[in-house]
Amino acid sequence: EILSEGGNLFIYGQAETWKSWIALDMAFALGSGSPWICFQTVTSRTYILQTEQSEAMYDRRIHIWSRGMNGTKPLDNLFVSTDLTIKLDDFYGAGQVEAAIKLHNPKVLILDNVFHIITGSESDDTSVKKFLTNIDSWRQRFGLAIVLVHHPRKGSREEEGDRGFEELSGSSLWNRWADTIVKTKHSSRGANFIELEFQKMKNAEEVRLNTIVLKRPPPS
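Residues numbered from 1 in each chain as written. Predicted model: local features only at pLDDT ≥ 70, side-chain atom pairs only at ≥ 80, totals over all residues. Heavy atoms only, no water.

1. Things to note about helix 1 (residues 19-32)
- The end-to-end C-alpha distance of helix 1, which contains 14 residues, comes to 20 Å, matching closely the 20 Å that a straight helix rising 1.5 Å per residue would cover.
- With 12 of 14 residues buried, helix 1 is to be regarded as a mostly interior element.
- Of all the residues in helix 1, the buried ones are Lys19, Ser20, Trp21, Ile22, Ala23, Leu24, Met26, Ala27, Phe28, Ala29, Leu30 and Gly31. (Helix = DSSP H or I, 4+ residues; strand = E, 2+ residues; numbered from the N terminus. Expected span 1.5 Å × (residues − 1). Buried < 20%, exposed > 50% of the residue type's maximum accessible area, 1.4 Å probe, protein only.)

The following block contains the structure:
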């Protein structure tokens, strides 16, 4: 398994490597119980909290994605909210999200993205610990799986990717906490492809993937 009940998964990478599109595709797959890439899923109520785009822009992205999938997949199990200022290492912000969890009763929470939902930086251990404590509480009390979409820390370059997730994220707490880490990156096959590099799969029992090459999704 790459995402078990109450587990967690990181999707991270440089700009323009389609992290949010991949997370959205996962949300559609979970909401309908259809395969995600080469992984089987179980139909799961999924809640996306996105913090980068306005509500209108993200709604347009959802409709573009729906049209590109030969029709619109059922969205009854998919809930989306937009908040450009919420912080989840903050008592008030965490309380807002917890209220939404209780209302919608999702089994998967996708947070897009980490950079915008922490008061300090993603390399600030104090902020990171508060953030992880809050979402670990939800995992424990609600059986909630967490998917985090994450940018590399400022100043890192694509060629530094081989130095690992810990270097890119700034704080070693992320790497120790994560069950699964997936890096998105530009593919050597050309501009129409991206690669998903599976850097950590703690709960994989059999096949351990290295890299999957995907054709780029439609532009937003």
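Structure's up, so let's keep going.
2. Here's the deal with the packing of helix 3 (residues 91-104) against helix 4 (residues 125-142)
- Running from N to C, helix 3 and helix 4 point in directions that differ by 20°, and their axes come no closer than 11 Å. Judged by the inter-axis angle, helix 3 sits roughly parallel to helix 4. Like other packed secondary-structure pairs, helix 3 and helix 4 cross with a definite hand, here right-handed. Judged by residue contacts, Ala94, Val97, Glu98, Ile101 and Lys102 of helix 3 engage Asn134, Trp138, Arg141 and Phe142 from helix 4.
- When its residues are assigned to classes, the contact of helix 3 with helix 4 shows five nonpolar, one polar and three charged. (Axes fitted to C-alpha atoms, helices over the stretch in contact; angles between N-to-C directions. Parallel < 35°, antiparallel > 145°, perpendicular 65-115°, else oblique. Left-handed = near helix turned anticlockwise from the far one by under 90°. Contact = heavy atoms within 4.5 Å. Nonpolar A, V, L, I, M, F, W, Y, C, P; charged D, E, K, R; others polar.)

3. Remarks on the pairing of strand 6 (residues 180-186)
- When you tally the buried positions in strand 6, you get six out of seven residues, the bulk of the element.
- The loop that links strand 6 with its antiparallel partner strand 7 (residues 193-201) comprises six residues; one of these, glycine 190, has a positive phi angle of about 125°. (Pairing = 2+ DSSP bridges.)

4. Points about the pairing of strand 7
- The pairing of strand 6 with strand 7 spans seven bridges and is classified as antiparallel. In the strand pairing of strand 7, threonine 180 is matched with methionine 201.
- Taken together, the five bridges between strand 7 and strand 8 (residues 211-215) define a ladder with antiparallel strand orientation. Following the sheet pairing, leucine 196 is matched in strand 8 by isoleucine 212.

Everything listed is a geometric property; what it means functionally is a separate question.
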